[in-house]
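Summary of the model geometry
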Amino acid sequence: MGFIAKSVLLTLLALCCFTSSVLTTALPPLKSPIKLPTLPPAKSPIKLPTFPPAKAPIKLPTFPPAKAPIKLPTYPPAKAPIKLPTFPPTKAPIKLPTFPPAKAPIKLPTFPPAKAPIKLPTFPPAKAPIKPPVLPPLSPPKFMRTLVAVRGMVYCKACKYAGVNNLQGAKPVKGAVVRLLCKNKKNVISETKTDKNGYFLIYAPKTVTNYGIKGCRAYLVKSPNSKCSKVSKLHGGYMGSVLKPVVKPENSTVIVNKLTYGLFNVGPFAFEPVCPK
């Protein structure tokens, strides 16, 4: 560190001396120079220490020269290209034979024009169709209010078909009781008995008309024969049969004592027989 500080001081002194000399030579003298005070001589310069010479530079080893580049072998030139054999020219093309020109096309004979088409006679237009007269729509037939009469038949089944809804071999019952019950505002009951042919006809009370037969039912009530007295379920004889109007208009009404009754069908009804086992 002491050596470096001394060298810095020396460089500063040298710079000061250089600048003062430059200023004195470049500028003209102005006023009489001021006499600077004489300073005592400076101390003798400090001798820098002498260092031993540095080591000699290290010599790099010298290597032998590299080998000469390898020369590539030279090959003989390739063989000359093989020449293809030359063939003789082919035969001249065969000329096709020339045929004489075909005959001129045959001209078809020209026929005279056909006769003009026959014009059909024109008839005068037919008369417009006569429109039938438009009739007013037919009014539905009026359903006349009548009294009610119920008819039907009563039989006794054959033993062969006991318990089966079959009247084959059945016999008519005389004196069987049949009841007509109408449940409208009031319960109205009418009863009658069958004739020798098993036929019955019940006339409902005058308070019952064909307008209120929805609540009417016909029942098979009683048999005069104890050996055939159980009412069967055939056609609702036990539970009550619905009244069915007669379809044919000529047979749909009956007049009794100048009163018109509308006829309704039920049944036929039947009793179950008591058969020997």
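Provided above is the structure to which this section pertains.
What comes next is a walk through the structure.

Cut-offs and rules
Residues numbered from 1 in each chain as written. Predicted model: local features only at pLDDT ≥ 70, side-chain atom pairs only at ≥ 80, totals over all residues. Heavy atoms only, no water. Patch = residues over 30% accessible without salt bridge, like charges linked within 9 Å, V, L, I, M, F, W, Y side chains within 5 Å. Areas by Shrake-Rupley, 256 points an atom, 1.4 Å probe, with all protein chains shown as cover. Salt bridge = Lys/Arg side-chain N within 4 Å of Asp/Glu carboxyl O. Helix = DSSP H or I, 4+ residues; strand = E, 2+ residues; numbered from the N terminus. Pairing = 2+ DSSP bridges. Buried < 20%, exposed > 50% of the residue type's maximum accessible area, 1.4 Å probe, protein only. Polar contact = N/O pair within 3.5 Å; in protein donor to acceptor, adjacent residues only side chain to side chain. Phe/Tyr/Trp six-rings, centres within 6.5 Å; stacked < 30°, edge-to-face > 60°. Core = buried A, V, L, I, M, F, W, Y, C linked by side-chain atoms within 4.5 Å. Contact = heavy atoms within 4.5 Å.

Brief notes about a nonpolar patch on the surface
Taken together, Ile4, Val8, Leu9, Leu12 and Leu15 make up a surface patch of nonpolar side chains, about 480 Å² in accessible area. Relative to the elements of secondary structure, leucine 9 occurs in helix 1 (residues 2-26).

What to know about the pairing of strand 10 (residues 253-256)
Examined bridge by bridge, strand 10 and strand 11 (residues 259-265) share four bridges and lie antiparallel to one another. Bridge pairing in strand 11 places isoleucine 255 opposite threonine 260. As consecutive antiparallel partners, strand 10 and strand 11 are separated by two residues, and within that stretch asparagine 257 has a phi angle of approximately 55 degrees, a positive value.

Details of the pattern of salt bridges
Should their charged atoms come close, side chains of opposite charge can pair. Counted by the stated rule, this structure contains two salt bridges. Residue lysine 157 is joined to glutamate 272 by a salt bridge in which the shortest nitrogen-to-oxygen separation is 2.9 Å. Remark: glutamate 272 occurs in strand 12 (residues 269-272) and lysine 157 occurs in the loop between strand 1 (147-156) and strand 2 (171-172); sequence separation between them is 115 residues. Note on accessibility: lysine 157 and glutamate 272 belong to one class, buried. Of the charged contacts in the structure, one is a salt bridge between glutamate 191 and arginine 179, with a shortest N-O distance of 2.6 Å. Remark: arginine 179 occurs in strand 3 (residues 177-183) and glutamate 191 occurs in strand 4 (residues 187-193); sequence separation between them is twelve residues. Glutamate 191 gets classed as partly exposed once you look at its relative accessible area, which sits at 46%. The exposure class assigned to arginine 179 is partly exposed, which follows from its relative accessible area of 30%.

Describing the pairing of strand 5 (residues 199-203)
Side-chain alternation along strand 5 places Phe200 and Ile202 on a buried face and Tyr199, Leu201 and Tyr203 on a face that remains uncovered. For strand 1 and strand 5, the ladder comprises five bridges, and the chain directions are antiparallel. Following the sheet pairing, methionine 153 is matched in strand 5 by tyrosine 199.

Topic: the side chain of threonine 146
Note that threonine 146 resides in the loop between helix 1 and strand 1. Judged by relative accessible area, which is 10%, threonine 146 ranks as buried. Looking at threonine 146, its side chain comes within polar contact range of the main-chain nitrogen of glycine 262, at 3.5 Å.

Details of unusual backbone geometry
Note the cis peptide between glycine 267 and proline 268, where omega equals 10 degrees. Tracing the chain through its elements places proline 268 in the loop between strand 11 and strand 12. One non-glycine residue, asparagine 257, adopts positive backbone phi at about 55 degrees. Relative to the helices and strands, asparagine 257 resides in the loop between strand 10 and strand 11. Located in the positive-phi region is lysine 258, a residue other than glycine, with phi close to 65 degrees. In this fold, lysine 258 is placed in the loop between strand 10 and strand 11.

Section: the packing of aromatic side chains
The full count for this structure, using the stated rule, is two aromatic pairs. Arranged with centres 6.3 Å apart and planes meeting at 10 degrees, the rings of phenylalanine 200 and phenylalanine 269 form a pair that is stacked. Of the two residues, phenylalanine 200 sits in strand 5 while phenylalanine 269 sits in strand 12, which places them 69 residues apart along the sequence. Accessibility classification places phenylalanine 200 together with phenylalanine 269 in one group, the buried group. Here tyrosine 203 and tyrosine 261 contribute two aromatic rings whose centre-to-centre distance is 5.0 Å and whose plane-to-plane angle is 65 degrees, an arrangement assigned as edge-to-face. Taken together, the residues tyrosine 203 in strand 5 and tyrosine 261 in strand 11 connect sequence positions 58 residues apart. Judged by relative accessible area, tyrosine 203 falls into the partly exposed class, the value being 34%.

Here's the deal with the nonpolar core
The biggest cluster of nonpolar side chains holds 25 residues, and the ones touching the most others in it are Val148, Val154, Leu180, Leu220, Leu243, Phe269 and Phe271. Looking at this core, the elements that each hand over two or more residues are strand 1, strand 3, strand 5, strand 6 (216-222) and strand 12. At four residues, strand 1 tops the list of elements feeding residues into this core. Sequence-distant contacts of phenylalanine 269, defined by excluding residues within four places in its chain, comprise Met153, Val154, Tyr155, Val178, Phe200, Ala218, Leu220, Leu234, His235, Gly236, Gly237 and Ser241. Of all hydrophobic cores here, the second largest spans five residues; its members include Ala149, Val246, Tyr261 and Leu263.

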